[in-house]
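# Results of the structural survey
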Amino acid sequence: MTRAHTRRPRRRGHRGVVRSVPLRTHWLLLTMLVLTLSAALVIQGYTHHMAGIGDDAARPAGASDRVPSAVSDGGPVVDGSSHTVRTAGPRARTIALTFDDGPDPRWTPKILDVLRRHHAHATFFVVGTQIAAHPEIVRRILAEGHEIGVHSFTHADLGTLPQWQRSLELRQTQLALAGATGTTSSLLRPPYSSKNAAVTNQDWSAIRAASGDGYLTVLSTLDSGDWRRPGVDRIVADSVPRGTAGQILLMHDGGGDRSQTLKALDPLLSALADRGFSVTTVSGAVRLPQSTRPATTGDHWLGLGLIGALTGSAWALRILGWLLYAAGALALLRAAAVMVAARRHVRTREVPWGPPVTVPVSVIVPAYNESAGIEAAVRSLLASDHPVEIVVVDDGSTDGTADLVESLRLPSVRVIRQANAGKPAALNTGIAAASYDLLVMVDGDTVFEPDAVRRLVQPFADPRVGAVSGNAKVINRRGLLGRWQHIEYVVGFNLDRRLFDLAECMPTVPGAVGAFRRDALVRAGGVSDDTLAEDTDLTMTLCRAGWRAVYQEDAIAWTEAPASLGALWRQRYRWCYGTLQAMWKHRGALLQTGAAGKLGRRGLLYLMLFQVLLPLLAPVVDVFAVYGLVFLDPVRIVGLWLGFLALQTVMGLYAFRLDGERAGPLWSLPLQQFVYRQLMYLVVIQSVATALAGSRLRWQRMERYGSLSVPAPGSDRQAPDGTAGSPTLLADSWVEEARASHSADVPQLHGGALPRAYPPSDVTWDATWGGRQGP
């Protein structure tokens, strides 16, 4: 879509004063949202992917020369807080039954049910993240007389962590416990620990540090081996003591499939009872003081905040996952739709519209401060191989645009001056002054191919056609920004237009190169100024009135693209906001039938899904990609990104082939993902925020660079570097010749010369490379 570059006056009335103060609040809210989301993802990444619950497989044996013999040969309950290490063990014929890695929402409640049937109690060493996820289970554990111990926050190997991270792991677990139950615990079982003899120097360092913080470390003397899932009988056999000595038995209620543990628990408790063993908690077996105590009020509230943060971050990640799937599905759906539609569109264009359209055409050129490109635009129109009259409507320019056109004294060119009133008013002035029934509307920064007007009006052979979209291309595409816009216009806009044409729901005939029936425009009431996207508004109005709008891809015009990020932002912001205005204005088409219903249920829904919703979801893909690179499998994330890039590349290659372009610029497609795409979805965010806030946006004229000149006739557009599809431009010497060579021997219509075969075929052309842009 292209828009004219006129200024809208400030108006009063039922719409109030046009507000041009830029919005700030939504960017502040967006920044806060991004920071909050980033914090949530960091929390999720740290708590679930930096360590994570896993099976207690044997670790490589480490050095143990600094471990006191009192520990390696002592009891399983260790207090290393003083210079004299103290240990203790359970009483004879007593089993301290312990469960690690929970609470688990599936297995822990079932294990509690078995323990209740046997009137047995146990100690549950819980993981902090699991406490936050399932606080109600922790409360049930305590309510049924069981004991709680700490098993770190993320199931990290405490012996390998720096001291600050060890303290953080334990402190976070205590806060989660305080928030869930209002209590804290002095018992600790380090993840991956086992018997006293297996304690390494690193383990001892962690035990000493924990003892300094008031923890008693609980090791095990008997391992059920249930984490290996060896079978129910093996678990029972390995869990029953051989003698009468007291034991601390290690089992698991979380961290994986604990079905064998659950099935083994009932026969194990029966076997222990038959052997005369009492099953109790660690404190009961070792005769320790009460291990749980009430948490302070501050810790309780901090714990509630921690649980809330973890719960919120989990939901944020879950929602991100849903949105990511939605974005992926939309991207694939759009790719499939436009590729299939483009192929079918090519076949439909092989059928002629009807008898050739040869009637003269009025070309309307609204212009506001277009002195940099207006001469090239007008001369290119005069070079058309179809009879034309040109009406230049100067909308209060202050740079001498009208004077420049008049000074050229070109045949069949009229200049109308009016006070600045905006592009819609200028177009309506041109429509009223036009002599013919077929009208071509052209932006003042656009250069037409010699055959563009002729090709553009051929669909009017079909009486159902009321508007025709041409194919505008970027002329200044040398830099990255120009290449990216070139790719977007060829791959994005042009593929979309083929789909819209096929589905008979074209939402936009661009202002840069579009043709209309006068009758259709008159019935529509002319060009409305209700929106900033007057071309979209007009096209939708015509579609709802029953006229077809079609795409004529071989009617080519050239125009300048913004050459800076700031100019691009202003242009796209206006386009997007205007499109949102037009969509809202014509929302009633969703419930209509016939041609209007096609626009509503096909065109408007497509715009909403793929030009509004999909860009709004695009940040989700980027945020999740960063999250995946840091916390997940980077190879998989890179693979997914490469797959997405491959899909875009395939679309690009096909679109470039359809448009007769060489694929060279597609090398910049990967770079486009890191700058240009982000800019485009920020534009959509800004536009949606502006619309929701009820603000009105003023016209913002794009800067002109003067890179346009008249293209050579013919289809062989070869750049000096061999790039096909680039226009060959007039040499300065030919421009001077052209100014003096408008002959009087061509037919005269309405007092002006209408060239038919122009310029002369013996002209020498300078192959100065330009580029392409499409609206």
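Everything that follows concerns the structure shown earlier in this document.
Residue indices follow the written sequence of each chain, beginning from 1 at its first position. With pLDDT at 70 or above as the cut-off, local features in this predicted model cover only qualifying residues; side-chain atom pairs require 80 or more to be listed or tallied, and sums for whole chains, interfaces and linings still use all residues. The basis for the side-chain values is all heavy atoms of the structure; hydrogens and waters are excluded.

### Looking at the overall build of the protein chain
Rules: The secondary structure listing takes helices from DSSP runs of H or I that are at least 4 residues long and strands from runs of E that are at least 2 residues long, numbered from the N terminus. In this scheme, a residue with accessible area under 20% of its type's maximum is buried, one over 50% is exposed, and one in between is partly exposed, where area comes from a 1.4 Å probe on protein chains only. Here, two residues are considered to be in contact whenever any of their heavy atoms come within 4.5 Å of each other. We get accessible surface area from the Shrake-Rupley algorithm with a probe of 1.4 Å; when it comes to residues, only the shown protein chains can shield them.
Counting secondary structure elements, the protein chain contains 24 helices and 22 strands. Relative to its full complement of 775 residues, the protein chain shows a buried share of 56%. Put simply, of all contacts in the protein chain between residues at least 6 apart along the chain, 83% involve residues at least 24 apart. Summing over all exposed atoms, the protein chain offers an accessible surface of approximately 31600 Å²; the carbon and sulfur share of this is 59%.

### Description of the packing of helix α8 (residues 232-239) against helix α9 (residues 259-274)
Short version of the rule: Lines fitted to C-alpha atoms define the axes here, with helix axes fitted over just the stretch in contact, and angles between the N-to-C directions of these axes take values from 0 to 180 degrees. An angle counts as roughly parallel when it lies under 35 degrees, as roughly antiparallel when it exceeds 145, as roughly perpendicular when it falls between 65 and 115, and as oblique in every other case. Each crossing gets its hand from how the near helix is turned against the far one by less than a right angle, where anticlockwise is left-handed and clockwise is right-handed. Amino acid classes used here: Ala, Val, Leu, Ile, Met, Phe, Trp, Tyr, Cys and Pro are nonpolar; Asp, Glu, Lys and Arg are charged; the rest, including Gly, are polar.
Running from N to C, α8 and α9 cross one another at 40 degrees; their axes reach a closest spacing of 9 Å. Regarding the angle of α8 to α9, the classification is oblique. Crossing handedness for the pair α8 and α9: right-handed. Contact residues: V232, I235, V236 and S239 in α8; Q260, T261, K263, A264, P267, L268 and L272 in α9. Across the contact of α8 with α9, the residue classes break down as 7 nonpolar, 3 polar and 1 charged.

### Describing a nonpolar patch on the surface
The cut-off we apply is this: The patches described consist of residues with a relative accessible area above 30% and no salt bridge, like charges being joined within 9 Å and nonpolar side chains (Val, Leu, Ile, Met, Phe, Trp, Tyr) within 5 Å. Here, a salt bridge means any side-chain nitrogen of Lys or Arg that lies within 4 Å of a carboxyl oxygen of Asp or Glu.
Side chains of V626, L629, V630, V638 and L642 sit close together on the surface and give an oily, nonpolar patch of about 430 Å² of accessible area. Those elements that place two or more of their residues in the nonpolar patch are α20 (594-631) and α21 (634-658). Among the elements that make up the nonpolar patch, the one with the highest residue count is α20 (3 residues). Looking at where V626 falls in the secondary structure, it is placed in helix α20.

### Notes on the pairing of strand β19 (residues 513-517)
How we decide: Paired strands, in this sense, are two strands between which DSSP finds at least two bridges.
With respect to burial, β19 is a largely interior element, 5 of its 5 residues being buried. Alternating residues of β19 divide into V513, A515 and R517 and G514 and F516, and every residue in both groups is buried. As judged from the 5 bridges shared by strand β16 (residues 438-442) and β19, these two strands associate in the antiparallel manner. Bridging across to β19, M441 finds its partner in G514. Two elements, strand β18 (residues 465-474) and β19, share 3 bridges in a ladder whose sense is antiparallel.

### Section: empty space enclosed by the protein
Left-over empty space is what a probe sized like a water molecule reveals as it rolls over the atoms. Selection rule: With a 1 Å grid spanning the protein atoms alone, the term cavity applies to any set of points in which a 1.4 Å probe fits but cannot get out, the term pocket to an open set with protein on both sides within 12 Å along at least five of seven lines, and the term lining residue to any residue with an atom within 4 Å of a point. Grid points are joined across faces, edges and corners, and a volume is the space filled by probe spheres set on the points.
For the coordinates displayed, the defined rule picks out 7 cavities of 30 Å³ or more. Approximately 60 Å³ is the volume attributed to the second largest cavity. Along the walls of the second largest cavity sit K423, L427, M441, V509, P510, G511, F516, V527, E534, D535 and L538, which together make up its complete lining. Contributions of two or more residues to the lining of the second largest cavity are made by α14 (423-433) and α18 (534-544). The dominant element in the lining of the second largest cavity, judged by the number of residues it contributes, is α18, at 3 residues.

### Brief notes about helix α3 (residues 107-117)
Those residues of α3 lying buried are W107, T108, P109, I111, L112, V114 and L115. Of the surrounding elements, those touching the buried residues of α3 are β3 (94-102), β4 (123-126), α5 (135-143), β10 (247-252) and α9. Just downstream of α3, H119 is the residue with a positive phi angle, here 55 degrees.

### Points about the sheet that holds strand β13 (residues 361-367)
Pairing is mixed in the open sheet, where 8 strands are placed in the order β15-β14-β13-β16-β19-β18-β20-β17. Pairing within the sheet leaves two strands with one partner each, and these edge strands are β15 (413-418) and β17 (446-448). When strand polarity is set aside, the average angle formed by the axes of neighbouring strands in this sheet is 30 degrees. Two strands pair when backbone bridges link them, and β18 and strand β20 (residues 548-559) are joined in this way by 8 bridges, in the parallel orientation. Paired with V465 across the strands is R548, a residue of β20.

### Digging into the pattern of salt bridges
Counted according to the given criterion, the structure contains 34 salt bridges. Here D79 and R86 are joined by a salt bridge, their closest N and O atoms 2.6 Å apart. Judged by its relative accessible area of 11%, D79 is buried. Look at R86 and you get exposed, because its relative accessible area is 51%.

### Side note on α14
Note the threshold: Directions pointing from the helix axis toward each C-beta atom define the arc.
Taken as a whole, α14 has its buried residues at K423, P424, A426, L427, G430 and I431. For α14, the arc enclosing every buried residue in end-on projection is 160 degrees, short of the 170-degree limit, so these residues lie on one face. Structurally, α14 contributes buried residues whose contacts are with β13, β14 (388-395), β15, β16, α17 (518-523) and α18.

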